[in-house]
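Residue-level listing of the chains:
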Amino acid sequence: SPIRPRHLLHAAIRRGPAKIVEEEDLGTDFYAARCDEEVQENDVDECEVPSADEFTVAILGDLHVDPRKLDDYAEGRSHIVPVLEDAASRGVGAALVSLGDLGESKPCWEGSPELYAGTTACHDHAAEYLSSFGVPYEVVGGNHDLEGIDEFSTDEANLEAFCRIHHKPTMQFCRQIADRTLLVGLGSTVFRTAKYTSHEVTVDDEQLAWFERLVSEHPSEEGWKVFVFTHAPPIGSGLRVLQENHVVNGCCWLNHSGGEKADPRTTRKFIELVRRHRCIKGWFSGHFHLSHDYEDSITFPSVPREEGPYPNRGSCVFVQAGVMRGGCSRDGRRQSRLLRGNKAGFEILTVNHANGGSVRLDATITYKDSGHEVGVYAHDHDEVDRDSETFVKVYSPSAGDGCYVGDDDSLSVDPTEGECVGEETVAWWRMSCGRVLGVYDGRLIEYDASTLAPLGLVVGADELDGRRVVVVGSGADECVTLPKKSSFDFDMQGAECASAEGEGEEQAVLLVDDESATVTVVQPNEDGSYWRKIVRNKMHRMREQRRVKAAAKWFKDKYGDDKDPEVLSSWGPYTSTVGQVYRKNDLALPAISTRALDSSIPK
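Nothing here was measured: the structure is a model prediction, and the numbers come from that model.

### Here we look at the sheet that holds strand β15 (residues 436–440)
Read across the open sheet, the 4 strands follow the order β14-β15-β16-β17; overall the sheet is antiparallel. Two strands in the sheet have a free side with no partner beyond their single neighbour: β14 (427–430) and β17 (454–459). Neighbour-to-neighbour, the strand axes of the sheet open up by a mean angle of 25°, direction not taken into account. Sheet topology note: the β15/strand β16 (residues 443–447) ladder contains 5 bridges and is antiparallel. Across the sheet, the residue bridging to Leu437 is Glu446, located in β16.

Dropping the structure here:
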């Protein structure tokens, strides 16, 4: 195997930052500046020692360390260390939290096809880097941190190495950073055994039970404040997501497809705990590689009534963390987060690595009492150029947004008003069974009935092109449903199909091609959902590719290299409206096709 230099990160750190902004107040000396101000205002020799409730936390988003590209990490460290030193030198509780995805998910060693993410070398390098900030660090596992698939045969073995190298007794963590203030982290524990996409961030049942006990035992009424750190956010957070990536692939949210047991109740469990336990004051996540310049990179527990209904996010402020390395950013920014707080509230700030490490205040949250707070954005988010190629366009339904259709009691819905679906079509509606569907960016999407957050792709833009979407009654009373309401009455308080009152008739979702006179029925999944879990476990896909390559090699060995074979594959299970494998009256004729499909591996 290739030689792996174990101290590349340390060497990069010693080289120092790539650039320094001189003669500029970067905002990195908050506590020193406050001390100087106290001394001058009060005409005293020394300022007061900060109280035990004060704290500062630096939060790093997805690192994706590539040992070949280390300058951005050295520069980023040089920006954050002064902030932490400023706090620690005044006796303020200080810590560093990494939100996971520590290594690059590519081969990084010359001559080796091994992915770097999740390997022993990756975690050794990341641990060395995170330990160099001068304060204690915590880390949560992301969807790439157990990807050492060539080195470790099981998730358990990979997880043991992760925890051992980062000195973690368990995947979760709890650190008291200040008086009655906890930092709590939950990590992903599934990769090889994921039922669907390996890049779903899966918090196992043991961690979830631990977390529920922890927040139950630290009530807000007793003054406890809990700040949570996970790689992906929970559904209902309201943070900006990538529709063409994480929504389509079904890996936006924690336990997006139901966690280790594919139970959708675990997807909603996190936001339900937030709603129930007002001690949860902040929740930080990464995963999307998006900057802090979008307004919905921070979402508050409540919104003005004129902007929509109360979103029921408890007392929690949800915060997106960007990335440090330029090659990882989806919109060109390089940013990390700071959390600075005390018993009166907290601030959320950005460290701008593209501007010499300048610190920007993004939001201030003031506690009104143990269960209520007021959040204020510190700037107008005019940093975002909506016409730029890097601008990430998103949409999620909200009550009163003018895009809701089907306010009456009819089972029929014509969301596109007789027109074919186009890129500008925006509409959403509730099915009689309580499911929420919508059309956006040329796609048919399913949204969560409780939070209106996107769940996943139902029909892609290529299939919808040139077609209309129509919903009609299909004549069966099957689903216990929500009563019909207008979009303004949709309170988003956790109403689900299974818990609603009233009977509703079954409906069919149709894709109509008027030109060819064809109608396609969009059948729901067996659990009643519509979104397609189309991305399969990475281990299965890699094994299939190896079999395809073996077939091609066998063909060339037998017939020579001058002819390239066409390699096909067949899969199961097979989906059909027919209930048996062979036709009832002629067992020689199959009723369900096992026709092979193209197995070409993309170049």
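### A closer look at the pairing of strand β2 (residues 93–98)
Counting buried positions along β2 yields 5 of 6 residues, so the element is predominantly enclosed. Where strand β1 (residues 55–60) and β2 come together, 6 bridges link them in parallel fashion. Following the sheet pairing, Thr56 is matched in β2 by Ala94. You can see the chain leave β1, run along helix α3 (residues 71–89) and come back into β2, and the turn it takes is right-handed. Inspection of the sheet shows β2 paired to strand β3 (residues 137–139) by 3 bridges, in the parallel sense. Counted as the bridge partner of Val97 is Glu138 from β3. Chirality of the crossover, the property in question, places the unit of β2, helix α4 (residues 120–130) and β3 among those that are right-handed.

### Let's talk about the state of the cysteines
Counted by the stated rule, this structure contains 1 disulfide. The closest cysteine sulfur to the non-disulfide-bonded Cys251 is located on Cys252, 6.5 Å from its own sulfur. The exposure class assigned to Cys251 is buried, which follows from its relative accessible area of 4%.

### Some words on helix α8 (residues 264–276)
Here α8 spans 19 Å end to end across 13 residues, near enough to the 18 Å set by a 1.5 Å rise per residue. In the structure, α8 departs most strongly from a straight axis at Phe270, where the bend amounts to approximately 35°. Of all the positions in α8, only Thr266, Thr267, Arg268, Phe270, Ile271, Leu273, Val274 and Arg275 are classed as buried. Close packing links the buried residues of α8 with α6 (205–217), β7 (280–285) and β9 (317–320).

### Focus: the pattern of salt bridges
One pass over the structure, following the stated rule, counts 24 salt bridges. Here Asp293 ties to Arg360 by a salt bridge, and the two come within 3.0 Å at their closest N and O atoms. One end of the pair, Asp293, is in the loop between β7 and β8 (298–299); the other, Arg360, is in strand β12 (residues 358–369), and 67 residues separate them in sequence. For Arg360, a relative accessible area of 22% gives the class partly exposed.

About the thresholds
Residues numbered from 1 in each chain as written. Predicted model: local features only at pLDDT ≥ 70, side-chain atom pairs only at ≥ 80, totals over all residues. Heavy atoms only, no water. Pairing = 2+ DSSP bridges. Helix = DSSP H or I, 4+ residues; strand = E, 2+ residues; numbered from the N terminus. Axes fitted to C-alpha atoms, helices over the stretch in contact; angles between N-to-C directions. Buried < 20%, exposed > 50% of the residue type's maximum accessible area, 1.4 Å probe, protein only. Right-handed = clockwise from strand over helix to strand, strands pointing away. Disulfide = S-S within 2.5 Å. Expected span 1.5 Å × (residues − 1). Bend = angle between axes of the 7 residues up to and from the residue. Contact = heavy atoms within 4.5 Å. Salt bridge = Lys/Arg side-chain N within 4 Å of Asp/Glu carboxyl O.

None of this, on its own, says anything about what the molecule does.
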